[in-house]
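Close look at the chain arrangement
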Amino acid sequence: MNKDYTESFSIAFLDVMPQLGITDVQLKGETECGHLIRSPGVVVVIGITGDLHGNVYFTMQESCANSIASTMMGGMEVLQFDEMVQSAVSELSNMLAATACTNLSEKGIGADISTPTLIHGDFTADASLKQASCLEMLVGENLFGIYLSLETK
Amino acid sequence: MTKFETDNFQYDKNPSTKIIEKAGMNVKEIKIVVVDDSPFSVAMLTNILISRGFVVAGSANSLEEAVEAVTTLKPDIVTMDMTMPGADGIECTKAIRAVCPHLKVIIVSSMMDDEIVHRAQKARISGYVQKPVDEEELCLLIQRIMSDDELFLQLDGLYYNAFREALADTFNKFFKSVPDFQEKQTTREEQVSRGMSVVMGIIGKYGGRMILDMSEEAAENIAKFLLKKEEVTKDQIVNVMGEISNIVAGNACSLLNKSNSLFGLRVAPPTIVYGECIKISKTVLDTVSSAKAETDFGEVYFNVGFNRGVN
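An unreviewed UniProt entry annotates chain A as Chemotaxis protein CheX originating from Caproiciproducens faecalis.

See below:
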């Protein structure tokens, strides 16, 4: 995967999360993977088009979504993966993708995003493009995946 | 320095020209709240806006007052100063968006550098005007922002039929039969998938997404029919579902772009989701429409929605 793409997304994550009060974040690693994404519980899909074309997938377990949402809402107690959490995680995904696109535009790469779709449960998501890159991010102990299924137009 | 008394500025408190008429558009008054810590600036902006026929519903000179004004007055647009006691214009924008998420904000500030513009873009500010304010520039900006709103209403009136037509047409061409659509729904409930769901992001003047959902059995039968095979693999089913969704969403967006090229809609590649349990979250979209349809292969469900937030 193009280094500009992966960098824009990992930097967006490392920039945006602390702004929301989530400071313990890091990039654990980057792997190339196929087009099948196994849901760990929650997957948010955002479409991208412009100079590049594809989708980005943000994946996490429900417990990770709950803990992120709790911090985003000023430490409010979150007991279950409810509508409030889903809305917060959708908004977070939107912010991450939008910030990544701003980062890309600074490198001269134009990209626009669709609205996020949050899917949860036990399923597999099949991205249309053959290869994806997975950025394994850590939020505390929790794994937060950013799958980039993108091609240059 | 002369102290400016707001009352010294004469402005018509009951403007007779409350209504802005724009060619071909609905007659609608545009309600504005002015946020600025300087009474002079409030009076200047109020004068300009009222003389141009806008309704200035109120003003605020701090973050707290701005939140209160927006909550009670429900304006269409807020003009926002960058510097205020205790909070800057971007922080203030974030605070008022917490109570009114899609409120349009114009930054009106004497400071205008790359950093401010960059932060303003990130905060989804609709526009910025530098002080001293050029009357013409400000009014044109407001009218442009409001006509964006009219454009969204136009899309809102068109998109459901465009997607329904595209789905009917695709089925007709492939299977020589038209789906029997049930009534259109506009509720925002969580959806439990029938077994296989395709998600397609839509990008353009307004962002959105389409979901096409059916049972795995229905998807398998469609694939068998189209590939003219007794047995099909999972990969083939997934490919057929992706391609059908691509055609439906692509055709629907083309129809919409033909009716108004300003929509500029394009689709991202399909994501096909299958498994034991698929729940699609209740959306945060501004408009959403869905319908079930009976087909020769079983029930098909489509759900389309868009957000007003301009990309």
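The subject of this paragraph is the UniProt feature "domain: Chemotaxis phosphatase CheX-like" (unreviewed entry) in chain A. In the UniProt entry, the feature "domain: Chemotaxis phosphatase CheX-like" (unreviewed entry) is given for residues 42-124 of chain A. Within the segment residues 42-124 of chain A, helix and strand shares are 42% and 35% respectively, and the terminal C-alpha atoms sit 11 Å apart.

This brings us to helix α3 (residues 89-99) of chain B. All names here are of chain B. Residues G89, I90, C92, T93, I96 and R97 constitute the buried set of α3. On an axial view of α3, the arc spanned by its buried residues comes to 155°, and they lie on one face. In α3, those exposed residues whose orientation departs by more than 90 degrees from the buried face are K94 and A98. A distance of 3.0 Å separates the backbone nitrogen of I90 from a side-chain oxygen at the start of α3, and that oxygen is part of D88.

Next up on the list: the interface of chain B and chain A. Listed per partner, the contact involves 33 residues of chain B and 32 residues of chain A. Contact between chain B and chain A buries roughly 2600 Å² in total, counting both sides, with carbon and sulfur atoms accounting for 56%. In this assembly, chain B and chain A are joined by two salt bridges. For the salt bridge of K282 of chain B with E83 of chain A, the shortest nitrogen-to-oxygen distance reads 3.0 Å. Counting across the interface, chain B meets chain A through 14 residue pairs in polar contact (both at pLDDT 80 or more). Those elements that place two or more of their residues in the side of chain B that touches chain A are α4 (114-122), β10 (196-203), β11 (206-214), β12 (266-267) and β13 (271-280) of chain B. The leading source of residues in the side of chain B that touches chain A is β13 of chain B, at ten residues. Residues of the side of chain B that touches chain A, tallied by class, amount to 17 nonpolar, nine polar and seven charged. Two elements, strand β6 (residues 117-127) of chain A and β13 of chain B, share nine bridges in a ladder whose sense is antiparallel.

Analysis parameters
- Residues numbered from 1 in each chain as written.
- Chains lettered and ligands numbered in written order.
- Predicted model: local features only at pLDDT ≥ 70, side-chain atom pairs only at ≥ 80, totals over all residues.
- Heavy atoms only, no water.
- UniProt positions renumbered as here; feature names shortened; annotations may be inferred.
- Helix = DSSP H or I, 4+ residues; strand = E, 2+ residues; numbered from the N terminus.
- Buried < 20%, exposed > 50% of the residue type's maximum accessible area, 1.4 Å probe, protein only.
- Arc of directions from axis to C-beta.
- Polar contact = N/O pair within 3.5 Å; in protein donor to acceptor, adjacent residues only side chain to side chain.
- Contact = heavy atoms within 4.5 Å.
- Buried area = accessible area lost by both parts, 1.4 Å probe.
- Salt bridge = Lys/Arg side-chain N within 4 Å of Asp/Glu carboxyl O.
- Nonpolar A, V, L, I, M, F, W, Y, C, P; charged D, E, K, R; others polar.
- Pairing = 2+ DSSP bridges.

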